[in-house]
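Summary of the model geometry
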Amino acid sequence: MSVLAATNASTSTQAHSAGPTVNNAELMLNVDIFLFCAAALFVLLLLPRATIRFTHKREWVDGHFLRSDIVDAPASVVRRPSKRDAVIAPVSPAHIPVPKPTQKSYELEDTEKWATTTDASHTYAPHDDLMRKASTASGRERRRQNVPTHMPGWSTTLSSLAAFLRTTIRPGLTIGKALVELTYLGVILYAGLYKSNPFTQPIRAGFVAVSQIPIVIALGTKNNVLGMLIGFGYERLNYLHRFTARLLVLAANVHAIGYFYSWSASGNFTKYIAKPDMQWALVALIATDMLLLLSTDLFRQKFYNSIFVPSHIASVIIFLVAVCFHVTYAVPYVLAAVGVYGLDRLMRLLKSRVAIARLRPLPDLGMTRVEIPSINAGWRAGQHVRLRVLSLGMGWRGWAEAHPFTIASVCRSPSGEGLVLLCKKAGDWTNRLYELAQRADYGEANGIGSNVQVMVEGPYGGPGHAIFGSFSGAMFVAGGSGITFALAAVQDLMKKDLEYKSRVRAIELVWSIQDPAALQPLIPLFSSLIAQSHDAYASLRISVFYTRAPSSPDAIRAYRLPPGLTLSPARPKIPGILAGVVDRSAALFSGYKEKRRRGGSALTGVIVGVCGPMGLGDEVRKAVANFPAPRRKAIGGIEIHEEAFGW
């Protein structure tokens, strides 16, 4: 019999005369069942929205596995003049912080010309497919039949509570997350202290540590069942994985230190530590402590692929093997953890695709554009993939590293554009990727070629059970390279507008950058999206803000910005912009008699998406929380979807 089980039996025997005994194994099983029921409650609370989401056929096939689809090019139709000018005021011209030179006005034809020009764009594919838009009585009927059903989230129903829970305590930690962690901590403390003294009965802490093994492993997987059921990506649950892992390490150390103290006090430390099962226990303890040490922010952020990942894998394997040899009670828990991890690895294998990618450096953006033409479907706007570049040009170890990047292109693009990633230079790996793209770009110019083999795994993350196209208005705020998320979301909404599958009336894209030169590569794409919106169902405005003085003011004056695209030298004023989106959504709704024509009985709210530094996310959350309650209720609520740079 193992020491853990024997000690548990002796403890129960000694307590028999003093009162009811506590079976540690049964107690921990009941605690795990309680935690399972708590997770099931979250699933039930989000089940109505998940049900509505999966009533749409496309949600069953997109967002799970990357693939290649045959996409029919849209048929050209005759454009008609827009009636939208009678509903909202004309868009203000671009603001440039220098005297405005005399220049000709750019009419719709100029915007369309920019939309079909790709020399300065970040993409090789033309955007003229975005210019085709039918707006007829039959089209309005199709929209009425095809628009997605809207299901308000709990943040709409309980807006004040949601605003409170989103309040930031420190970077990366909100009140909501803190409450989840405190609740979990309370459950674990109850499990460890109920009719037990950790100083005299350290056996209970060992049972607590063992019971947490499958939970910690499950929360650390990329394809965890809980995340899929509640619509949360692994990156949004990673904080809970780290917290539960720390509790496991704490319980293991309390368990070990308690025995070390009692053995030392009785003078039997050498006797007990020489036993094989105790030596395995010592190995397991060292492995857990190494896991904690090498998982700190320093190693996770600076040495993720070189130290964090290898040490994680090695330490977990050693710990699981050692704890099984230490006590047989742990075997079922370890097998459950291995099963969960094995399922995750199988899913990751099924989600992986090896393909040929084309690289292109974007100097103004400080990014590398990666396009994979053979993959053009299978993702939702806002999702990301993990990229490996299988080239020795990435270094002796760089080819084996996987890095997450948000997908910047639209699924099943009629232009023929495949999966596109914009990878910002932010470290050694991305710098090498940029250098590889420069060499590839030079090689293509000289007839050598610019293709590399890559492996993409995903998609992951995204909006979960929310459907952006079911809202009346949409606002996307991006900081720096966060524009990839906003681009994908806006393009997806405009594409769904063409397919009569969107309720969105007003779309606002806000991009905050340091150098205004970063705008130039995206002007053609922005222009094409704005041109499409001129007589589309949705109204689009794009506002770009820069915070650093331009090196060449003359270069900014040379920018040809179409109406609807503005460039301003300031930080974006999120509250005012949000108020404008709400007003436009309400005005366009009433102006087009939405109730009769578009199949909607009321405004369905505004979705606010944000991707960028944590400070930008805090600013957006504060703007939404402070929005006047009567106007929030009138528009149908305001919901937030946040994509963080790191997790």
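That block above? That's the structure.
Parameters at a glance
- Residues numbered from 1 in each chain as written.
- Predicted model: local features only at pLDDT ≥ 70, side-chain atom pairs only at ≥ 80, totals over all residues.
- Heavy atoms only, no water.
- Helix = DSSP H or I, 4+ residues; strand = E, 2+ residues; numbered from the N terminus.
- Buried < 20%, exposed > 50% of the residue type's maximum accessible area, 1.4 Å probe, protein only.
- Contact = heavy atoms within 4.5 Å.
- Axes fitted to C-alpha atoms, helices over the stretch in contact; angles between N-to-C directions.
- Parallel < 35°, antiparallel > 145°, perpendicular 65-115°, else oblique.
- Left-handed = near helix turned anticlockwise from the far one by under 90°.
- Nonpolar A, V, L, I, M, F, W, Y, C, P; charged D, E, K, R; others polar.
- Expected span 1.5 Å × (residues − 1).
- Core = buried A, V, L, I, M, F, W, Y, C linked by side-chain atoms within 4.5 Å.
- Pairing = 2+ DSSP bridges.

**Some thoughts on the side chain of Asp62**
Position of Asp62 relative to the elements: it lies in the loop between helix H3 (57-61) and helix H4 (108-115). What makes Asp62 buried here is its relative accessible area of 6%. Every residue in contact with Asp62, bar those within four places of it in the chain, is listed here: Arg53, Arg67, Gly378, Trp379, Arg380, Cys411 and Arg412.

**Describing the packing of helix H9 (residues 203-211) against helix H12 (residues 234-266)**
Remark: H9 packs on H12, axes separated minimally by 8 Å, with the N-to-C direction vectors making an angle of 155°. By the angle between their axes, H9 is roughly antiparallel relative to H12. When the axes of H9 and H12 are compared, the crossing they make is left-handed. On H12, the residues touching Ile203, Ala205, Gly206, Val208 and Ala209 of H9 are Leu248, Ala251, Ala252, Val254, His255 and Tyr259. The class makeup of the residues in the contact of H9 with H12 is nine nonpolar, two polar and no charged.

**A few points about helix H8 (residues 175-193)**
In this model, H8 (19 residues) spans 26 Å end to end at C-alpha, consistent with the 27 Å of a helix rising 1.5 Å per residue. Those residues of H8 lying buried are Ile175, Gly176, Ala178, Glu181, Tyr184, Val187, Ile188, Ala191 and Gly192. Downstream of H8 by one or two residues, Lys195 has phi in the positive range, about 50°.

**Side note on the nonpolar core**
Counting residues in each nonpolar core, the largest one holds 43 residues, and the members touching the most others are Phe476, Ile483, Ile507, Trp511, Leu519, Phe526 and Val544. Broken down by secondary-structure element, the contributors of at least two residues to this core are strand E7 (419-424), strand E9 (473-479), helix H19 (483-498), strand E10 (506-513), helix H20 (523-533), strand E11 (539-546), strand E12 (565-568) and strand E13 (606-612). Look past the residues within four positions of Val544 in its chain and what remains in contact with it is Trp511, Ile513, Leu519, Phe526, Leu565, Thr566, Leu567 and Ser568. By size, the runner-up hydrophobic cluster in this structure holds 42 residues, among which are Ala191, Ile203, Leu248 and Trp263.

**A look at the pairing of strand E8 (residues 451-461)**
Sheet topology note: the strand E3 (residues 352-362)/E8 ladder contains seven bridges and is antiparallel. Residue pairing across strands places Arg358 opposite Asn451, the latter belonging to E8. Alignment of strand E5 (residues 383-389) against E8, held across six bridges, turns out to be antiparallel. Residue pairing for E8: Arg388 is matched across the bridge by Met455.

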